[in-house]
Amino acid sequence: MSEQPFTPMLFPSIDGITNTTNWNYSHIWLHKQPFFLWLMALSIKLFGSTAFAVRIPSILLNSFAIFGGYRLGKNLSGNFTGLTLAVLLSTSFIANNLSTGQETTDHNDAIFVSLVLISFWLLSEYWFNDKKKTMYCIGIIAGMAVLTKWLTGLIVFLPWFLLIVQKGITAQRVKHIITAFIITLLIVLPWQLYCYYQFPSEYVHEIQLNQLHFSSVVEGHGGDSWYYLKNLRHQYLKIQFPAVFIVWLGLLLFFLIKEKDNSRRIFVSIPILAVFLFFSIAQTKMPLFTFMVFFLLYYLLAFFISELRKSIQQRFSPIITRIILGLVLLFVSFHNLRLQEFRNIHFPKTSVEHQYYFNQNKQQYDQIMEIEQLAFSEKSSIFFNTPKHLHPSYTFFTGVPSFDFIPDEPVIYNLITEGYQPIILFEQEAFNKEEMSQQYTILHKLSNGSLLTTPVIRE
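These lines cover the structure that appears in this document, whether it is placed above or below. Once a new chain begins, its residue numbering starts again from 1 and follows that chain's sequence as written. Residue-level local features of this predicted model are given only where pLDDT is at least 70; pairs of side-chain atoms are given and counted only at 80 or more, and the full residue set underlies all totals for whole chains, interfaces and linings. As a convention, hydrogens and water are excluded, and side-chain values are obtained from all of the structure's heavy atoms.

## Let's talk about empty space enclosed by the protein
Of the grid points, spaced at 1 Å and generated over the protein atoms alone, those admitting a 1.4 Å probe that cannot get out make up cavities, while open sets with protein on both sides within 12 Å along at least five of seven lines make up pockets; any residue with an atom within 4 Å of a point is treated as lining. Grid points are joined across faces, edges and corners, and a volume is the space filled by probe spheres set on the points. For the structure shown, the criterion picks out one cavity of 30 Å³ or more. In this model, the largest cavity occupies a volume close to 50 Å³. Looking at the largest cavity, the residues that line it are Asn 62, Ala 65, Ile 66, Leu 89, Ala 95, Val 113, Ser 114, Leu 117 and Phe 294. The nonpolar class holds Ala, Val, Leu, Ile, Met, Phe, Trp, Tyr, Cys and Pro. Asp, Glu, Lys and Arg form the charged class, and all remaining residues, Gly among them, are polar. Its residues assigned to classes, the lining of the largest cavity shows seven nonpolar, two polar and no charged.

Laid out in structure tokens, this is it:
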């Protein structure tokens with residue numbers, strides 16, 4: 001999209017290969033909304049086609065969202081709560097993994113959850129600080145969120161609507177929320193209409209696929225009704241289920257009891273309950289579907305620590321209070337970041353298991369770089385049989401369309417007659433020269449022993 005921002009393509013059009021509805025291999029790629037892709041494309045334009053460049057938007061937006069988290073916590077419960085929430089957000093294991101590419105839906109979710117957090121921060125400014133003009137910004141950010149991960153980006157309007165009902169429906173309040181919603185629609189609808197008329201079959205297919213997520217298990221991503229509650233241990237405090245559920249339920253009940261303002265109760269608790277209930281009912285389940293409200297769960301913990309601070313202040317001197325709170329925040333941050341696991345991933349020599357995966361990844365990266373130097377892109381080449389699910393990486397770095405399967409012989413023959421050069425990658429141990437030399441001609445042997453071959457087409 002850095003070259004054609006209004007034509008979202010995963011691969012160039014290749015007959016028999018990319019004319020498919022499978023989003024892993026399609027030519028026109030509408031599987032996700034485009035805003036995060038536009039940000040990545042802009043970054044590539046500014047900083048070059050590198051792995052770091054495509055992560056810059058996630059890093060910047062995630063960092064800005066931490067400031068938004070501070071303001072959100074401050075608006076809800078004071079400066080100390082805001083600072084504590086900012087610490088929790090900055091040490092979030094999953095949030096850092098998203099920014100650094102350690103989660104499967106990294107770019108999309110990193111930008112999406114940041115936008116959702118920012119929309120709630122702006123709503124807190126509007127509602128609790130009476131900054132009415134932020135309604136325009138709420139509409140803009142919500143529109144960006146929808147253009148990143150579809151209708152769940154509208155979540156900010158749920159507490160806003162309920163706050164209006166709870167506080168009292170007035171013409172001004174209704175006008176403000178409708179204005180923000182219209183702004184969101186003005187941002188979202190043009191792309192939907194454009195895609196519907198420009199790529200009708202692809203667009204309708206993706207909309208139908210999105211709808212199936214609620215009623216059916218899509219692509220094997222299923223789970224029981226406890227899926228997301230069990231998953232709390234992987235995203236937050238790493239203690240076993242049901243203990244982890246009891247901890248977060250206790251924090252929610254503590255907040256509802258201690259917080260006397262019903263507006264703040266609605267603002268924090270309703271989005272959490274709605275998101276977990278909705279996705280628990282939905283048949284398709286993926287680990288990060290509920291992570292969109294991670295900042296509200298962290299707010300519950302920040303609120304608890306803030307209340308703990310008040311209790312400690314009544315019993316100890318200011319110096320002792322600071323020491324105790326410093327140790328509490330250090331302990332919580334250590335477990336929140338999962339320092340050992342974080343170190344194993346990002347500094348893999350500290351772990352035999354992660355060193356193994358690091359070596360595998362490094363070998364694959366080195367292989368990609370070696371292939372890139374061979375300049376096959378000048379020969380209308382197409383790579384096949386890359387490691388599973390790594391074909392987009394091979395495509396990105398080599399500039400050659402790459403796929404993780406071997407097509408049937410008639411498809412290969414058609415590709416050759418159309419002027420393509422099919423190149424099939426084989427690991428050395430998978431290539432039996434006696435049996436396969438009649439089928440494939442070896443073009444190049446890579447330094448790790450892998451072979452680049454081309455099919456022999458019989459007349």
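## Points about the nonpolar core
In a soluble, globular protein the nonpolar side chains are often hidden away together inside. Residues belong to a common nonpolar core when they are buried Ala, Val, Leu, Ile, Met, Phe, Trp, Tyr or Cys residues joined through side-chain atoms within 4.5 Å. For each residue, the accessible area found with a 1.4 Å probe, counting protein chains only, is set against the maximum for its type, and the residue is called buried under 20%, exposed over 50%, and partly exposed in between. Ranked by internal contacts, the top residues of the largest apolar core, which has 94 residues, are Trp 160, Phe 267, Phe 294 and Phe 295. Secondary structure elements are defined from DSSP: runs of H or I of at least 4 residues count as helices, runs of E of at least 2 residues count as strands, and each element is numbered from the N terminus. At 15 residues, the largest contribution of residues to this core is made by helix α5 (residues 106-128). Pairs of residues are marked as contacts when any of their non-hydrogen atoms sit within 4.5 Å. In this structure, Phe 267 is in contact with Leu 72, Leu 76, Phe 120, Leu 123, Ser 124, Phe 128, Pro 159, Leu 163 and Leu 296, ignoring residues within four places of it in sequence. Within the second largest apolar cluster, 15 residues are counted, among which are Phe 403, Phe 431, Met 436 and Leu 451.

## Topic: helix α4 (residues 93-100)
Given 3.6 residues per helical turn, the α-helix brings residues three or four places apart onto the same face. Of all the eight residues making up α4, six are buried; the element is thus mostly covered by neighbouring parts of the structure. Within the span of α4, buried status applies to Phe 93, Ile 94, Ala 95, Asn 97, Leu 98 and Ser 99.

## Concerning a nonpolar patch on the surface
Within this analysis, patches are made of residues with over 30% relative accessible area and no salt bridge. Like charges are joined at 9 Å or less; nonpolar side chains (Val, Leu, Ile, Met, Phe, Trp, Tyr) at 5 Å or less. Surface accessibility in these figures is a Shrake-Rupley result with a 1.4 Å probe; residues are shielded only by whichever protein chains are displayed. Only one rule defines a salt bridge in this text: a Lys or Arg side-chain nitrogen within 4 Å of an Asp or Glu carboxyl oxygen. A cluster of nonpolar side chains, namely Phe 181, Leu 185, Leu 189, Leu 193, Tyr 196, Tyr 197 and Val 204, defines an oily patch on the protein surface of about 670 Å² accessible area. Residue contributions to the nonpolar patch peak at six residues, all from helix α8 (residues 171-198).

## Digging into the pairing of strand β1 (residues 381-384)
Burial along β1 is two-sided: the residues Ser 381 and Phe 383 and Ile 382 and Phe 384 are all buried. Two strands pair under a simple rule: DSSP has to find at least two bridges between them. Where β1 lies against strand β2 (residues 421-426), four bridges are found, and the strand directions are parallel. From the neighbouring strand, Phe 383 faces β2, where its bridge partner is Ile 423.

## Some words on the sheet that holds strand β4 (residues 451-455)
The mixed open sheet is built from four strands, whose spatial order is β1-β2-β4-β3. Two strands close off the open sheet at either side, each with one partner strand: β1 and β3 (440-445). Pairwise comparison of adjacent strand axes, ignoring direction, gives a mean angle of 35 degrees for this sheet. Pairing between β3 and β4: five bridges, direction antiparallel. Along β4, the bridge assignment pairs Ile 442 with Thr 453. For helices, the fitted axis covers only the stretch in contact; all axes are lines through C-alpha atoms, and the angles between them, taken along N-to-C directions, range from 0 to 180 degrees. Packed on one face of the sheet, helix α19 (residues 409-417) meets β1, β2 and β4 and runs near 135 degrees to β2.

## Observations regarding the packing of α5 against helix α6 (residues 134-149)
Two packed helices can be described by the angle between their axes and the distance between those axes. Following both chains from N to C, one finds α5 and α6 inclined at 160 degrees, their axes separated by 9 Å at the closest point. What the angle tells us is that α5 and α6 run roughly antiparallel. Relative to α6, α5 is oriented so that their crossing is left-handed. Residue-level inspection shows Asn 108, Asp 109, Ile 111, Phe 112, Leu 115, Ile 118, Ser 119, Leu 122, Leu 123, Glu 125 and Tyr 126 of α5 in contact with α6, the latter providing Thr 134, Met 135, Cys 137, Ile 138, Ile 141, Met 144, Ala 145, Thr 148 and Lys 149. Small angles under 35 degrees read as roughly parallel and large ones over 145 as roughly antiparallel, with 65 to 115 read as roughly perpendicular and the rest as oblique. Helix crossings fall into two classes, left-handed where the near helix is turned counterclockwise from the far one by less than a right angle and right-handed where it is turned clockwise.

## Quick notes on the pattern of salt bridges
Enumeration over the complete set of coordinates arrives at eight salt bridges. When the shortest N-O distance is used, the salt bridge between Lys 131 and Glu 125 registers 3.4 Å. Among the ionic pairs, Asp 130 bridges to Lys 132, the shortest N-O distance being 2.9 Å.

## Observations concerning the side chain of Thr 148
Mapped onto the fold, Thr 148 is located in helix α6. We call two N or O atoms a polar contact when they sit within 3.5 Å, provided that within protein one can donate a hydrogen and the other can accept it, with sequence-adjacent residues counted only if both atoms are side-chain atoms. There is a polar contact of 2.8 Å between the side chain of Thr 148 and the backbone oxygen of Met 144. Not counting residues up to four positions away in its chain, the partners in contact with Thr 148 are Gln 33, Phe 35, Phe 36, Asn 108, Ile 111, Phe 112 and Leu 115.

None of this, on its own, says anything about what the molecule does.
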